[in-house]
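Fold and geometry: a report
In case you want the letters, here they are:
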Amino acid sequence: MARVTPDQIRQMKVRGERIPMLTAYDYPTASILDSAGVPLLLVGDTLGMVIQGNDSTLPVTVDDIIYHTRAVLRGAKHALVIADMPFGSFQVSHEETLRNAARLMKESGAQAVKLEGGVRVAASVRAMVDAGIPVMGHVGLTPQSVNVFGGFKVQGKTEASARALLADVAALEQAGVFAIVLELVPAELSRLITERTSVPTIGIGAGPYCDGEVQVIHDVMGLFPDFTPRHTKRYADLGAAMRAGVEQYISEVRDRSFPTEAQSAPIDARIVERLRRESADQPADGSEGGEG
Ligand code: KIV
């Protein structure tokens, strides 16, 4: 099956087809998600939290994203894989942004990049799109600006901030993004944005009216022990399953019920017998024996 393209994602909105998206950071997870049929996979800078254990996404580097995207691409043969642009990789200048986006595409093999921001990044988005790089936007709560927002808070609740959000989306649409993540935006505002823009909107904590939904795989699979955001839903508790499995493993290694001969390779018993006899003939201190 051919790989999903940005244009196919745009067409999904036109047809009113919902767009599921998940994050992935490694080969086995990407293989499972891809074979389940997720059309969009994001190697998000959330890896700074759910993989690296930081308390924000800020420490993530371009090299981190390249490393994880390569692994994801080995597992995902069908999904469109998007590499997130981490904090610091698109704030310095258009040139620097373009250089980092090109590095992400060249060195990781991703089919698109995502970056946070609206009006303030629109010119950089235009430059990337003009250079042939498909770009996904991300507005609302943009976690890289957590220190400005003063926490992971819903955005667009006042009229002024709702207007600013609409302006951000319009600027990204003009700049040529193929989809936009709306994070922590009130449901009715997401509905208005989704109705007004021709670009597919992908919500997270943005209610039911977006064209698609994105979630962090560790949140929906119960793999992140530190906290569960309100906007998520657990579809499985892999963390609990893993813990139970590990406890059983520890117990079986301790009581010698694992491993058994079934997990090992046979050898001709005569060889072992010969070796046993030879070592029995040799003194324990390794000397040649005799009286001196
Ligand atoms: O980095 C990420 O995983 C994201 C999603 C939460 C949209 O930006």
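Residues numbered from 1 in each chain as written. Predicted model: local features only at pLDDT ≥ 70, side-chain atom pairs only at ≥ 80, totals over all residues. Heavy atoms only, no water.

**Side note on the packing of aromatic side chains**
In this structure the tally under the stated criterion is one aromatic pair. Directly above the aromatic system of Tyr209 lies the positively charged group of Arg191, at a separation of 3.8 Å from the ring centroid. (Phe/Tyr/Trp six-rings, centres within 6.5 Å; stacked < 30°, edge-to-face > 60°. Lys NZ or Arg CZ within 6 Å of the ring centre and 35° of its normal.)

**What about the nonpolar core?**
Ranked by internal contacts, the top residues of the largest apolar core, which has 55 residues, are Leu41 and Leu182. Counting residues per element, this core draws most heavily on helix H8 (residues 159-175), which supplies seven residues. Discounting residues that sit within four places of it in the chain, Leu182 has contacts with Val139, Val169, Ser190, Ile193, Thr194, Thr201, Ile202, Gly203, Ile204, Ala206 and Cys210. Grouped together as the second largest cluster of nonpolar side chains are 17 residues, Met21, Leu42, Phe178 and Ile202 included. (Core = buried A, V, L, I, M, F, W, Y, C linked by side-chain atoms within 4.5 Å. Buried < 20%, exposed > 50% of the residue type's maximum accessible area, 1.4 Å probe, protein only. Helix = DSSP H or I, 4+ residues; strand = E, 2+ residues; numbered from the N terminus. Contact = heavy atoms within 4.5 Å.)

**Some remarks on the sheet that holds strand S7 (residues 201-204)**
Strand order in the closed barrel made by the eight strands is S1-S2-S3-S4-S5-S6-S7-S8, with parallel pairing throughout. Across the sheet, the axes of successive neighbouring strands diverge by a mean angle of 25°, strand direction being ignored. One ladder, built from three bridges, connects strand S1 (residues 19-23) with strand S2 (residues 40-43); its direction is parallel. Bridge assignment links Thr23 to a residue of S2, and that residue is Leu42. Along the sheet, helix H5 (residues 94-108) makes contact with strand S3 (80-84) and strand S4 (112-114), crossing S4 at roughly 135°. (Pairing = 2+ DSSP bridges. Axes fitted to C-alpha atoms, helices over the stretch in contact; angles between N-to-C directions.)

**Considerations on the pattern of salt bridges**
Pairs can form between side chains of opposite charge whenever their charged atoms are close. Scanning the model with the defined rule gives 14 salt bridges in all. Across the salt bridge formed by Arg126 and Asp130, the nearest N and O atoms sit 3.2 Å from each other. Residue Arg126 and its partner Asp130 are located together in helix H6 (residues 122-130), separated by four residues, close to a single helical turn. Given a relative accessible area of 56%, Asp130 falls into the exposed group. It is possible to trace a salt-bridge network through shared partners that takes in Asp63, Arg103 and Glu107. (Salt bridge = Lys/Arg side-chain N within 4 Å of Asp/Glu carboxyl O.)

**Quick look at the site of the ligand**
Taken together, Thr23, Leu42, Gly44, Asp45, Thr46, Asp84, Lys114, His138, Val181, Ile204 and Val214 make up the full set of residues near the ligand. In this structure, an oxygen atom belonging to the ligand sits 2.5 Å away from a side-chain N or O atom of Thr46. Side-chain polar atom of Lys114 to an oxygen atom of the ligand: 3.0 Å apart, as the coordinates give it. Burial of the ligand by the protein amounts to 98% of the accessible area it has alone, namely 260 Å². For the ligand, the cavity whose grid points lie within 2 Å of the majority of its atoms is the largest pocket. Here the residues of the shell around the ligand are counted per class, giving four nonpolar, four polar and three charged. (Near = heavy atom within 4 Å. Polar contact = N/O pair within 3.5 Å; in protein donor to acceptor, adjacent residues only side chain to side chain. Areas by Shrake-Rupley, 256 points an atom, 1.4 Å probe, with all protein chains shown as cover. 1 Å grid on protein atoms, 1.4 Å probe; cavity = no way out; pocket = protein on both sides within 12 Å on 5 of 7 lines; lining within 4 Å. Sits in = over half its atoms within 2 Å of the grid points. Nonpolar A, V, L, I, M, F, W, Y, C, P; charged D, E, K, R; others polar.)

**Quick look at the domain arrangement of the protein**
With domains assigned, the protein is organised as domain 1 (6-236) and domain 2 (243-281). Each of domain 1 and domain 2 has a C-alpha centre, and these two points are 49 Å apart. (Domains from an automatic or database assignment.)

**Focus on the packing of H8 against helix H9 (residues 187-196)**
The N-to-C vectors of H8 and H9 enclose an angle of 30°; their axes lie 11 Å apart at closest approach. Relative to H9, H8 is oriented roughly parallel. Considering only the axes of H8 and H9, their crossing is right-handed. Only Leu189, Leu192, Ile193 and Arg196 of H9 make contact with H8, whose side of the interface consists of Ala162, Leu165, Leu166 and Val169. (Parallel < 35°, antiparallel > 145°, perpendicular 65-115°, else oblique. Left-handed = near helix turned anticlockwise from the far one by under 90°.)

**A few points about the layout of surface pockets**
Where empty space is left can be seen by rolling a probe of water-molecule size over the atoms. In this structure, the largest pocket encloses a volume near 640 Å³. Around the largest pocket, the lining is made up of 32 residues, and of these Phe152, Glu183, Ile204, Pro229 and His231 lie nearest the centre. For the lining of the largest pocket, the elements supplying multiple residues, two or more each, are helix H3 (47-50) and strand S6 (179-183). For the lining of the largest pocket, the class distribution of residues is 17 nonpolar, eight polar and seven charged. What the second largest pocket holds in volume is close to 440 Å³. In terms of lining residues, the second largest pocket is bounded by 25 residues, among which Leu22, Leu33, Ile217, Val220 and Met221 are the most central. (Points joined across faces, edges and corners; volume = space filled by probe spheres on them.)

**Quick look at the packing of H5 against H6**
One can describe the packing of H5 onto H6 by two numbers: an axis separation of 10 Å at closest approach and a directional angle of 45°. Relative to H6, H5 is oriented oblique. The interaxial crossing formed by H5 with H6 has right-handed handedness. Contact residues: H5 offers His94, Thr97, Leu98 and Ala101, while H6 offers Ala123, Ser124, Ala127 and Met128. Taken together, the residues of the contact of H5 with H6 sort by class into five nonpolar, three polar and no charged.

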